[in-house]
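Okay, here's what each chain looks like letter by letter:
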Amino acid sequence: MSQTLHPHSPYSLAFNANELSARWIKVVESEVPELEHRPVYQLRFEFACAKKVKSARVRATAQGQYQLFINGVKIGDEELTPGSTDYGVQIAVQTFPVANLVDKNAIVILLGDGWFRSVMGAFKQPNNFGTHVAALAQLEITYEDGSTEVVSTNKNWRVGTSHITSGDLILGQNEDRRLINIATYKAGFDDSNWVHPEEISVDAVLVAQFAPPVRRTEEIVPVTVKRISKDVQVVDLGQNINGWMRLLDLGPSGTEITLIHGEVLDASGDVTLDHLRLDLPGIGRPDAGQIDKVISAGTPGDFFEPQFTTHGFQYISVIDHPKDLTPKDLIGVVVHSDLKKTGWFESNDARLNWLHEATVWSLRDNMCDVPTDCPTRERAGWTGDWQIFAPTAAYLFDVNDFSRKWLADVVVGQREDGAVPNIAPPDFTGSFKGPMAHINASAGWGDAIIAVPLAMYEEYGDTRALEECFDAAEKWINFGLHRSKTQRHPDREKLRPVAAAHEEFLWDTPYHWGEWLEPGVDTTDFGVLLTADRADVATPYLHRSAKQMVIAGKILGKPESVLEHYRKVAENTKNAWQKEFITSDGLLNPDTQAHYVRALDFGLAPDELHTKFVNRLVELVRAAGTHLGTGFLTTPYLLPVLADNGHLDLAFELLFQDTPPSWLGMRNRGATTVWELWEGIDKDGKAFASLNHYSKGAVISFLHRYIAGLVATKPAYQEFVVQPKMHTDITHVNTRHITKYGEISVAWKLDGKAFTLKVTAPQGTSGKAILPDGSEHVIKVGTNTFTC
Ligand code: BGC
């Protein structure tokens, strides 16, 4: 049965399948090859252009990953096409202009596994969307005389293998460059002994790509290359990136070189991948992958640059290279969605600059067609991660279409009953069809379905993501309400055999990840993890999402009855949370930093207890030796909650804290990206979990909004306030942000006691500056200077 697009899909430019005469062609494999033995195939066809060509374009896509060549030239500069998507439902089609047609032409598609059948996720499961790769391409030629011709994939094409003997997005790429035959890319090659593909029909809807493509965005020259043993040389790029290495010297023909990519070195100075191998129930510790192998053809000037894989790495172990390598022999190639940069921050304080830079890098490393958790271990589009980070990301890059594309997969991944997958596009862990279905639909994760669209509206003033997700968000809230009403956590049943009235709005049934990764809390016991009662986290999210539905409903002009419904849900969930978690002495149970931060940020604290909650939060921070104790979900709100409630000084103390757990603790241990755990590298230099997870970096919004002081008070910064928050160590700060109206720049400096603020505002905006002396000033279009 053929799929249909979701009614509010952003893919409004869906192709009418009839518009394409091309047929899907599948590579026939007698059996599904073993991992690391799955070649990148060549699909080829020759054709003549009898007349003079005026213009041509090609439209192409794949169930797998493809690169398209015409007469030996790669068409387009996109990477990893057609990208990460729910291949069972919607597959993006790329359109490229073609300018190199001649009388006799050869079209070649290199076809590998890509997201379609590479291993993905913590469990490293392959074949997430199918077992056999296929491609579709349609070349449309317009001749000078106005006539047209179409050349497209069909069963008459030929299929052979290529020099890429395997290509897996996580495991790595193997090449035997001796197998390269340039002639196969040109017309006149005899491919009669190659096999034919099989024409197949594909149910997924073909959609026009609208999100920015993945490209190579930067090249990095290594800082050092060290030989650590007879066979091993270790390369340090000085920066943890997502992408691959270009190796410029391959040695004599037949030289076999291995490149192992990792984020950290072990005690012997070699790359280790140990910290990236999770211990999983029933599975053990799957290999981390990230290993490329190349056999040299000995051709002068030849180089190796794998493009059917990507890795998260700073260090590379180069094994068995015959010569002593220097930084001139290799280049790190940074690969990610090519998004427009829109936000900058810089100050006199190197610590803050580091924090900003490391977070921007983590973001870049994790925007690989979809927002991922990390570019290494899982490479998965975890909903919670983008729920946390999207508002920060939206300041730094234009992530509107990037987010809308991903949300389209979140929406189609939603289960009939409203449950939202933890991961989109789905993999083994994120799918409702697979054996891990029960760990999905976690609060704080599924809430991305409303939190992310709202963040897009606030940043860009664009209502489309909200329109596209509103119905799905309604289903999500109904799911939470239904679970709250119909199910009780076994622990609560034991504690209170007869349910209290408020429990109807208490969301306590698994599965929820909870606050997740608070310092000192062990999350490795899967038994506990899968059964714990997390109503203290889930209920607040139901509350906040209901409030966000009221805001979204107003923006979209929904009837008052709808708004009223969500107001009531917000009220009832708040009441349930208060009844359940506020103790008789007016504190919270659990009595954790995260719980107070969430209560204060989500507006759950009763007025009369507000100050008490703030004071208790301060006490808990002090009791931890002025260290934060928050995990995944509340870390972004900790400093704002303190600053907004009279404890700006403490917020700064935490920001500048440099013993773990802290942000600067990562800097002291050499991080160039933000870690998943507060102690991603312990005092002995041993690494744990991913070293490239952006979520904790969401704190840099504090740099933009509090330290630089730029806050939008109307969507897209149509109205804004600039109110810098001062600290003795900070003497100058500037931030720039490109809004829908143009660039806003804020720069302030403190010279002795003289404070100067410069704000540049674009046409269409209006702003207000509040200086440290409390004086208020109107910001006019153009450049404004204020002093005090
Ligand atoms: C991922 C996270 C994700 C989490 C769920 C981890 O393995 O890397 O970023 O959100 O699981 O708690």
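Before any of the text, the structure's been laid out above.
Per chain, residue numbering runs from 1 following the sequence as it is written. This being a predicted model, a pLDDT of at least 70 is required before a residue's local features are given, and a value of 80 or more before pairs of side-chain atoms are given or counted; all residues contribute to the totals for chains, interfaces and linings. By convention in this description, side-chain values take in all heavy atoms of the structure and omit both hydrogens and water.

## Digging into the overall build of the chain
- Each helix and strand counted, the chain has 16 helices and 34 strands in total.
- Computed over C-alpha atoms, the radius of gyration of the chain comes to 27 Å, within 12% of the 28 Å expected from 2.2 N^0.38 for 788 residues, which places it in the range of a compact globule.
- C-alpha extents for the chain along the principal axes are approximately 85 × 60 × 55 Å.
- Pairs of residues are marked as contacts when any of their non-hydrogen atoms sit within 4.5 Å. Across the chain, every contact between residues at least 6 apart in sequence was considered, and the portion connecting residues at least 24 apart equals 73%.
- Residue exposure ignores everything except the shown protein chains as possible cover, and the areas themselves are Shrake-Rupley values with a 1.4 Å probe. Within the structure as shown, the chain displays about 29300 Å² of accessible surface, and the carbon and sulfur contribution to it stands at 51%.
- Side chains of the chain give 75 positive and 100 negative charges; the mean places of these two sets differ by 3 Å. Secondary structure elements follow DSSP: runs of H or I of four or more residues count as helices, runs of E of two or more count as strands, with numbering from the N terminus. For the radius of gyration, the atoms used are the C-alpha atoms, and the globule rule reads 2.2 Å times the number of residues raised to 0.38. Charge assignment in this entry is limited to Lys and Arg as positive and Asp and Glu as negative, and neither His nor the chain termini are counted. Charge placement uses NZ in Lys and CZ in Arg. For Asp and Glu, CG and CD serve respectively.

## Some remarks on the site of the ligand
- In the vicinity of the ligand, the contacting residues are Asp373, Arg377, Glu378, Trp382, Asp385, Trp445, Trp513, Trp516, Phe632, Glu676 and His693.
- Distance and chemistry together define a polar contact, namely a pair of N or O atoms within 3.5 Å, with one atom able to donate a hydrogen and the other to accept it when in protein, and with adjacent residues in sequence counting only for side-chain atoms on both sides. One of the side-chain nitrogen or oxygen atoms of arginine 377 is found 2.7 Å away from an oxygen atom of the ligand.
- Within the side chain of tryptophan 445, a nitrogen or oxygen atom sits 2.9 Å from an oxygen atom of the ligand.
- Here the ligand, which alone exposes 300 Å², has 96% of that area covered by the protein.
- Classification convention: Asp, Glu, Lys, Arg as charged; Ala, Val, Leu, Ile, Met, Phe, Trp, Tyr, Cys, Pro as nonpolar; all other residues, Gly among them, as polar. Of the residues contributing to the shell around the ligand, the split by class is 5 nonpolar, 1 polar and 5 charged. Any residue with a heavy atom lying within 4 Å of a molecule or strand is counted as near it.

## Some remarks on the packing of aromatic side chains
- Centres within 6.5 Å make a pair out of two Phe, Tyr or Trp rings, where for Trp the six-membered ring is used; the pair is then stacked when the planes are under 30 degrees apart, edge-to-face when over 60, and tilted otherwise. According to the stated counting rule, one finds 27 aromatic pairs in the structure shown.
- Ring geometry for tryptophan 382 and tryptophan 513: centres 5.6 Å apart, planes at 75°, overall edge-to-face. Here tryptophan 513 lies in the loop between helix H7 (490-495) and helix H8 (526-531) and tryptophan 382 lies in the loop between strand S26 (370-371) and helix H3 (383-396), a separation of 131 residues in the sequence.
- With 5.8 Å between their ring centres and 70° between their planes, tryptophan 386 and tyrosine 694 make a pair best called edge-to-face. Of this pair, tryptophan 386 sits in helix H3 while tyrosine 694 sits in the loop between helix H15 (663-668) and helix H16 (700-707), and the two are 308 residues apart along the sequence.
- Here the term buried applies to any residue with accessible area under 20% of the maximum for its type, exposed to any over 50%, and partly exposed to those in between, with areas from a 1.4 Å probe on protein chains only. A relative accessible area of 0% places tryptophan 386 in the buried class.
- Put simply, the rings of Trp382, Trp445, Tyr511, Trp513, Trp516 and Phe632 pair up and form one aromatic cluster.
- Criterion for a charge above a ring: Arg CZ or Lys NZ at most 6 Å from the ring centre, at most 35 degrees from the ring normal. The ring of tryptophan 678 has lysine 696 sitting right over it, with the charged end atom 5.0 Å from the ring centre.
- For the cation-ring pair, arginine 736 lies above tryptophan 344, with the distance from its terminal atom to the ring centre recorded as 4.1 Å.

## Some remarks on the environment of arginine 285
- Inspection of the secondary structure puts arginine 285 in the loop between strand S20 (271-272) and strand S21 (291-295).
- On the accessibility criterion, arginine 285 (33% relative accessible area) is partly exposed.
- Separated by 172 residues in sequence, arginine 285 and tyrosine 457 place their C-alpha atoms 41 Å apart.
- Once residues lying within four places of it in the same chain are set aside, the contact partners of arginine 285 are Asp274, Arg277, Leu278 and Asp279.
- Among the polar contacts made by the side chain of arginine 285, one reaches the main-chain carbonyl oxygen of aspartate 274 at a distance of 3.0 Å.

## A closer look at the sheet that holds strand S10 (residues 158-161)
- Note on pairing: DSSP must find at least two bridges between two strands before they are called paired. Read across the sheet, 5 strands follow the order S5-S4-S7-S2-S10 without closing on themselves; strand pairing throughout is antiparallel. Each edge of the sheet is formed by a strand with only one pairing partner; in this case those strands are strand S5 (73-74) and S10.
- In this structure, strand S4 (residues 65-70) lies alongside strand S7 (residues 104-112), joined through 6 bridges in antiparallel fashion. Across the sheet, the residue bridging to glutamine 65 is glycine 112, located in S7.

## What about the pattern of salt bridges?
- In the sections that follow, a salt bridge refers to a side-chain nitrogen of Lys or Arg positioned within 4 Å of a carboxyl oxygen of Asp or Glu. For the structure shown, the criterion picks out 51 salt bridges.
- Among the salt bridges present, the one from arginine 404 reaches aspartate 401, with a minimum N-O distance of 2.8 Å. Residue arginine 404 and its partner aspartate 401 are located together in helix H4 (residues 400-413), separated by 3 residues, close to a single helical turn.
- For the salt bridge of glutamate 503 with arginine 488, the shortest nitrogen-to-oxygen distance reads 2.7 Å. In this pair, glutamate 503 sits in the loop between H7 and H8 while arginine 488 sits in the loop between helix H6 (464-486) and H7, placing the two residues 15 residues apart along the sequence.
- The class for glutamate 503 is buried, based on a relative accessible area of 5%.

## Some thoughts on the packing of helix H5 (residues 448-460) against H6
- Every axis corresponds to a line fitted to the C-alpha atoms, with the helix fit spanning only the stretch in contact, and the corresponding angles, defined between N-to-C directions, vary from 0 to 180 degrees. Relative to each other, H5 and H6 sit at 155°, their axes nearing to 8 Å. Overall, the two elements H5 and H6 adopt an arrangement that is roughly antiparallel. Here H5 runs over H6; the crossing is left-handed. Every residue of H6 that contacts H5 at Ile449, Ile450, Pro453, Leu454, Met456 and Tyr457 is listed here: Ala465, Leu466, Cys469, Ala472, Ala473 and Trp476.
- Partitioned by chemical class, the residues of the contact of H5 with H6 number 12 nonpolar, no polar and no charged. An angle below 35 degrees is treated as roughly parallel, one above 145 as roughly antiparallel, one from 65 to 115 as roughly perpendicular, and anything else as oblique. Here is the rule for handedness: rotate from the far helix to the near one, and if that takes an anticlockwise turn smaller than a right angle the crossing is left-handed, while a clockwise turn gives right-handed.

## Focus: the pairing of strand S14 (residues 205-208)
- Burial along S14 is two-sided: Val205 and Val207 and Leu206 and Ala208, pointing in opposite directions, are all buried.
- In this sheet, S14 lies alongside strand S6 (residues 90-97) in parallel orientation, the contact comprising 4 bridges. In the strand pairing of S14, isoleucine 91 is matched with leucine 206.

## Examining the environment of phenylalanine 505
- Mapped onto the fold, phenylalanine 505 is located in the loop between H7 and H8.
- Ignoring sequence-local partners within four residues, the contact set of phenylalanine 505 consists of Leu481, Ser484, Thr539, Asn572, Thr573 and Ala576.

## Some words on the side chain of glutamate 676
- Note that glutamate 676 resides in the loop between H15 and H16.
- Take glutamate 676: its relative accessible area is 7%, and that puts it in the buried class.
- At 3.5 Å, the side chain of glutamate 676 and the side chain of histidine 693 are in polar contact.
- In contact with glutamate 676, not counting residues within four places along its chain, are Arg377, Leu517, Ala689, Ser690, His693 and Lys696.

## Focus: the pairing of strand S28 (residues 719-722)
- As paired elements, strand S27 (residues 710-712) and S28 share 3 bridges and run antiparallel to each other. Bridged to leucine 710 within S28 is valine 722.
- Hairpin connection of S27 to S28: 6 residues between the antiparallel strands, including alanine 716 at a positive phi of 65°.
- Bridge count for S28 against strand S32 (residues 766-770) is 4 bridges, and the pairing is parallel. Following the sheet pairing, phenylalanine 720 is matched in S32 by glycine 767.

## Things to note about the environment of serine 253
- Residue position: serine 253 is located in the loop between strand S17 (232-247) and strand S18 (256-262).
- Take serine 253: its relative accessible area is 48%, and that puts it in the partly exposed class.
- Each C-alpha atom of the pair serine 253 and asparagine 128 lies 37 Å from the other, and the pair is 125 residues apart in sequence.
- Apart from the residues lying within four places of it in its own chain, the contact partners of serine 253 are Arg178, Ser296, Ala297 and Gly298.

## Comments concerning the nonpolar core
- Among the nonpolar cores identified, the biggest contains 153 residues, and Trp386, Val399, Phe613, Leu655, Phe702, Ile707 and Leu757 are the most heavily contacted of them.
- The leading source of residues in this core is H6, at 10 residues.
- Nonpolar core, defined: a set of buried Ala, Val, Leu, Ile, Met, Phe, Trp, Tyr and Cys residues in which side-chain atoms within 4.5 Å join the residues together. Ranked by size, the runner-up nonpolar core spans 52 residues in total, among them Tyr66, Val98, Ile107 and Leu111.

## Concerning unusual backbone geometry
- The omega torsion of the bond from threonine 81 to proline 82 falls at 5°, within 30 degrees of zero and hence cis.
- Its location among the elements puts proline 82 in the loop between S5 and S6.
- Cis geometry marks the peptide bond from proline 510 to tyrosine 511, where omega comes out at 10°.
- Within the fold, tyrosine 511 resides in the loop between H7 and H8.
- Phi angles above zero are rare outside glycine, and glutamate 36 is one such case at about 70°.
- Note that glutamate 36 resides in the loop between strand S1 (24-26) and strand S2 (41-48).
- By relative accessible area, glutamate 36 is classed as partly exposed at 47%.
- For aspartate 369, which is not glycine, the phi dihedral falls at a positive 70°.
- Structurally, aspartate 369 is set in the loop between strand S25 (367-368) and S26.

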